[in-house]
Amino acid sequence: MKGYTDFFMLLSPPDKVKAAVRDYKIDASDIIGMYDSIGSVAHIAVQKCIGSAHF
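Basis of the calculations
Residues numbered from 1 in each chain as written. Predicted model: local features only at pLDDT ≥ 70, side-chain atom pairs only at ≥ 80, totals over all residues. Heavy atoms only, no water. Helix = DSSP H or I, 4+ residues; strand = E, 2+ residues; numbered from the N terminus. Buried < 20%, exposed > 50% of the residue type's maximum accessible area, 1.4 Å probe, protein only. Lys, Arg positive; Asp, Glu negative; His and termini not counted. Salt bridge = Lys/Arg side-chain N within 4 Å of Asp/Glu carboxyl O. Polar contact = N/O pair within 3.5 Å; in protein donor to acceptor, adjacent residues only side chain to side chain. Contact = heavy atoms within 4.5 Å.

Draft legend 1. Structural detail: the side chain of Lys25. Here Lys25 shows up in helix 1 (residues 15-32). Buried charge without a salt bridge: Lys25, with Asp36 as the nearest opposite-charge side chain at an N-O distance of 11 Å. Of note is the side chain of Lys25, whose polar atom sits 2.6 Å from the backbone oxygen of Ser37. Residues in contact with Lys25, not counting those within four places in the same chain, are Tyr35, Ser37, Ile38 and Ser40.

Draft legend 2. Region of interest: the environment of Lys18. Along the chain, the position of Lys18 falls in helix 1. Under the relative-accessibility criterion, Lys18 is labelled partly exposed at 22%. Counting along the chain gives 25 residues from Lys18 to His43, while the straight-line C-alpha distance between them is 8.0 Å.

Here is the structure:
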């Protein structure tokens, strides 16, 4: 496919930020109850699509 580029990156924040997010998620679970992603590690997802329409 010419003219189409697609990539996906996961960026990992510093351990201090991951620990803070973990603590916020635990605090949130005290208020809203347990949820599926409570054990997931904090990250930043970046996706770039060039050459196609995404709605």
